[in-house]
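Single-letter residue listing:
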Amino acid sequence: YEQIVKEMVFAVAAGDVPPGELVPSVRDLAQQLLVNPNTVARAFQELEREGVLEARRGLGMAVTPDAPKLCRNRRQAIVRDRLHD
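The rules behind these values
- Residues numbered from 1 in each chain as written.
- Predicted model: local features only at pLDDT ≥ 70, side-chain atom pairs only at ≥ 80, totals over all residues.
- Heavy atoms only, no water.
- Helix = DSSP H or I, 4+ residues; strand = E, 2+ residues; numbered from the N terminus.
- Buried < 20%, exposed > 50% of the residue type's maximum accessible area, 1.4 Å probe, protein only.
- Axes fitted to C-alpha atoms, helices over the stretch in contact; angles between N-to-C directions.
- Parallel < 35°, antiparallel > 145°, perpendicular 65-115°, else oblique.
- Left-handed = near helix turned anticlockwise from the far one by under 90°.
- Contact = heavy atoms within 4.5 Å.
- Nonpolar A, V, L, I, M, F, W, Y, C, P; charged D, E, K, R; others polar.
- 1 Å grid on protein atoms, 1.4 Å probe; cavity = no way out; pocket = protein on both sides within 12 Å on 5 of 7 lines; lining within 4 Å.
- Points joined across faces, edges and corners; volume = space filled by probe spheres on them.
- Expected span 1.5 Å × (residues − 1).
- Arc of directions from axis to C-beta.

## Side note on the environment of Ser25
Looking at the element boundaries, Ser25 is found in the loop between α1 (2-14) and α2 (26-33). For Ser25, a relative accessible area of 35% puts it in the partly exposed group. Through-space distance from the C-alpha of Ser25 to that of Pro68 is 20 Å; in sequence the pair is 43 residues apart.

## Focus on the packing of α1 against helix α3 (residues 37-49)
As a packed pair, α1 and α3 sit with axes 8 Å apart at the nearest point and diverge in direction by 50 degrees. If you check the angle between α1 and α3, you find them oblique. Note on packing geometry: the crossing formed by α1 with α3 is right-handed. In this structure, α1 uses Ile4, Val5, Met8 and Val9 to contact α3, whose residues at the interface are Thr39, Val40, Ala43, Glu46 and Leu47. Residue composition of the contact of α1 with α3, grouped by class: 7 nonpolar, 1 polar and 1 charged.

## Observations regarding the layout of surface pockets
Here the largest pocket defines a volume of roughly 300 Å³. The greatest single-element share of the lining of the largest pocket, amounting to 5 residues, is contributed by α1. For the lining of the largest pocket, the per-class residue count stands at 11 nonpolar, 2 polar and 2 charged.

## What to know about α3
The periodicity of an α-helix, 3.6 residues per turn, causes residues three or four positions apart to be oriented the same way. Its 13 residues give α3 an end-to-end C-alpha distance of 18 Å, which sits within 8% of 18 Å, the value for a rise of 1.5 Å per residue. Within the span of α3, buried status applies to Val40, Ala43, Phe44, Glu46 and Leu47. Along the axis of α3, the buried positions cluster into a sector of 160 degrees, meaning they face one direction only. Those residues of α3 that are exposed and angled more than 90 degrees off the buried face are Asn38 and Arg49. The secondary structure elements touched by the buried residues of α3 are α1, α2, β1 (53-56) and β2 (60-63).

Listed below in C-alpha cells is the structure:
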C-alpha cells in the first residue's frame, strides 16, 4: 500500500492527476496492479486521511483541490529521505 500511496503522491505532484479528477475504483486499480483490493483500499484511506483524496458520493474518490501542494511537499520529504539514506 505504501508504494501505491507514493506513486499517487508523485503523480499528483507532477500534475498527471489534476484536482477534481476521479481515480480508478479500488477493484479496478487492484486488477490493474495485480494486488489485493484491501491493499488499494488501505492506500486510498491513507491518501484520504492526508487530504489528497476525498470521497464523492456515488462517484468514487477524487483528487482534492489542495492535493497538488500537499503532494509536492510530501514528494520533497520522500526525496530528502532517500538522499539521506
